[in-house]
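Overview (structure and organization)
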Amino acid sequence: MAAPSRILVIEDETAIADTLVYALRTEGFAPEWCATGREGLAAVRAEAAGFVLVILDVGLPDMSGFDLCRELRASTAVPILFLTARNSEIDRVVGLELGADDYVTKPFSPREVTARVRAILRRTNAVTINSNEAQRAGLVLDKEAKSASFRGRKLELTRYEFRLLAVLMARPGRVYSRDELMTQAWEDPGASMDRTVDAHIKTLRAKVRVVAPDEDIIQTHRGEGYSVRITP
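Residues numbered from 1 in each chain as written. Predicted model: local features only at pLDDT ≥ 70, side-chain atom pairs only at ≥ 80, totals over all residues. Heavy atoms only, no water.

1. Looking at the overall build of the protein chain
To be explicit about the condition: Helix numbering and strand numbering both begin at the N terminus, where a helix is a DSSP run of H or I of at least 4 residues and a strand a DSSP run of E of at least 2. We call a residue buried when its accessible area falls under 20% of the maximum for its residue type, exposed when it is over 50%, and partly exposed in between, using a 1.4 Å probe and counting protein chains only. Per-residue and other accessible areas follow the Shrake-Rupley method at a 1.4 Å probe size, with only the shown protein chains counted as cover for residues.
Within the protein chain, the regular secondary structure consists of nine helices and 10 strands. The buried share of the protein chain, reckoned over its 232 residues, is 48%. Summed over all atoms, the accessible surface of the protein chain reaches about 11,300 Å², with 49% contributed by carbon and sulfur.

2. As for the pattern of salt bridges
Note the following rule: Salt bridge, as used here: a side-chain nitrogen of Lys or Arg that lies within 4 Å of a carboxyl oxygen of Asp or Glu.
Counted under the stated rule, the structure contains 15 salt bridges. Lys106 serves as the salt-bridge partner of Glu13, at 3.5 Å between the closest nitrogen and oxygen. Here Glu13, found in the loop between β1 (6-10) and α1 (14-26), pairs with Lys106, found in the loop between β5 (102-105) and α5 (110-125); they are 93 residues apart in sequence, far enough to count as distant. Note on Glu13: relative accessible area 40%, which makes it partly exposed. One salt bridge connects Asp101 with Arg163, and the closest N-O pair in it is separated by 2.9 Å.

3. Description of helix α2 (residues 37-46)
As a reminder of what qualifies: Our arc is simply the arc of the directions from the helix axis toward the C-beta atoms. The criterion used for residue contact is that any of the two residues' heavy atoms lie within 4.5 Å.
Buried within α2 we find Gly37, Gly40, Leu41, Ala43 and Val44. Around the axis of α2, the buried residues are gathered within 160 degrees of arc, so they sit on the same side. Opposite the packed face of α2, turned more than 90 degrees from it, sit the exposed residues Arg45 and Ala46. On its buried face, α2 is in contact with β1, β2 (30-34), β3 (51-57) and α3 (65-73).

4. Comments concerning the packing of helix α7 (residues 159-170) against helix α8 (residues 178-185)
Heads up, the condition is: Throughout, an axis means a line fitted to C-alpha atoms (over the contacting stretch in the case of helices), and angles, computed between N-to-C directions, take values from 0 to 180 degrees. A clockwise turn of the near helix away from the far one marks a right-handed crossing, whereas an anticlockwise turn of less than a right angle marks a left-handed crossing. Residues are sorted three ways: Asp, Glu, Lys and Arg are charged, Ala, Val, Leu, Ile, Met, Phe, Trp, Tyr, Cys and Pro are nonpolar, and all the rest, Gly among them, are polar.
One way to put it is that α7 packs onto α8 with a least axis distance of 10 Å and a crossing angle of 115 degrees. As α7 packs across α8, the resulting crossing turns out to be right-handed. Contacts between α7 and α8 involve Tyr160, Arg163, Leu164, Val167 and Leu168 from the former and Leu181, Gln184 and Ala185 from the latter. Each residue belonging to the contact of α7 with α8 can be placed in one class, and the counts come to six nonpolar, one polar and one charged.

5. Thoughts on the pairing of β2
What counts, and what does not: At least two DSSP bridges between two strands are required for those strands to pair. If the strands point away from the viewer and the path from the first strand over the helix to the second runs clockwise, then the crossover is right-handed.
In this structure, β1 lies alongside β2, joined through five bridges in parallel fashion. Pairing of Leu8 across the sheet is with Glu32, part of β2. For the crossover that starts at β1, traverses α1 and ends in the parallel β2, the hand is right-handed.

6. With respect to the sheet that holds strand β4 (residues 80-84)
Within the open sheet, the five strands sit side by side as β2-β1-β3-β4-β5. Their pairing is parallel. Each having just a single partner strand, β2 and β5 make up the two edges of the open sheet. Pairwise comparison of adjacent strand axes, ignoring direction, gives a mean angle of 20 degrees for this sheet. The pairing of β4 with β5 spans four bridges and is parallel. The partner of Leu83 across the bridge, within β5, is Val104. Together, β1, β2 and β3 form the strand contacts of α2, whose direction differs from that of β1 by roughly 160 degrees. Of the strands in this sheet, β1, β3, β4 and β5 are in contact with α3, which crosses β4 at around 170 degrees.

7. Structural notes on the packing of aromatic side chains
Here is the rule: Ring pairs shown here join Phe, Tyr and Trp side chains whose ring centres sit within 6.5 Å, with only the six-membered ring taken for Trp; geometry is labelled stacked below 30 degrees between planes, edge-to-face above 60, and tilted in between. Lysine NZ or arginine CZ positioned within 6 Å of the ring centre and within 35 degrees of the ring normal marks a charge as sitting over the ring.
A full pass over the atoms with the stated rule returns two aromatic pairs. Seen in terms of ring centroids, Phe66 and Phe82 are 5.4 Å apart; in terms of plane orientation they differ by 85 degrees. Their pairing is edge-to-face. Of the two residues, Phe66 is situated in helix α3 and Phe82 in strand β4; the sequence distance between them amounts to 16 residues. Residues Phe66 and Phe82 agree in their burial class; the two are buried. The positively charged end of Arg6 is found above the aromatic ring belonging to Phe51, 4.4 Å away from the centroid. Seen from the ring of Tyr176, Arg174 lies directly overhead, with NZ or CZ sitting 4.2 Å from the centre.

What follows is the structure in structure tokens.
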């Protein structure tokens, strides 16, 4: 029997943390709790491959959840669900732009949180890659590790850069509109904008060009969207 999936809860309010831990355990997960951002960061770094998801409160006592998200994204692609009392659109957009996968505001229903956790994990595990085409182009995507390499060199991709590349690689040559890419790569596409996709494509393309400066596998189709071009 497989061990329960481990989820890290980073929340300073004991009552809320207890509610989340109980709800997650009831749903078959193995939750762990840290009360500060520094403790949470240390836990993730110590268990780089151990947690399948992090539930992160924005208002932590020792640091901003946004700052912690930046630090986590610099070293891991673990999915992040923001939990906060803030309900303004700008806070929500900032969290998602930083690489969070979803955003829940307090007060919340424990059932809603666990449903969102399952939705994130389903999306995370649903990436389909055309492995034959990718291998032929020297592009290797590891769905489990959320990592990619091109011509034998690792690409240091953010979570959304990886997901965009995986969507494009599912059908090389197919042109994906910005709306399609947002729908398939973002948990909450309504919180993102066209420029969000463009910005991630720009950084993804730059990282690929570091390996092959004269080759652009990501094609721009003006007024239509983006595609991946495979060359043997």
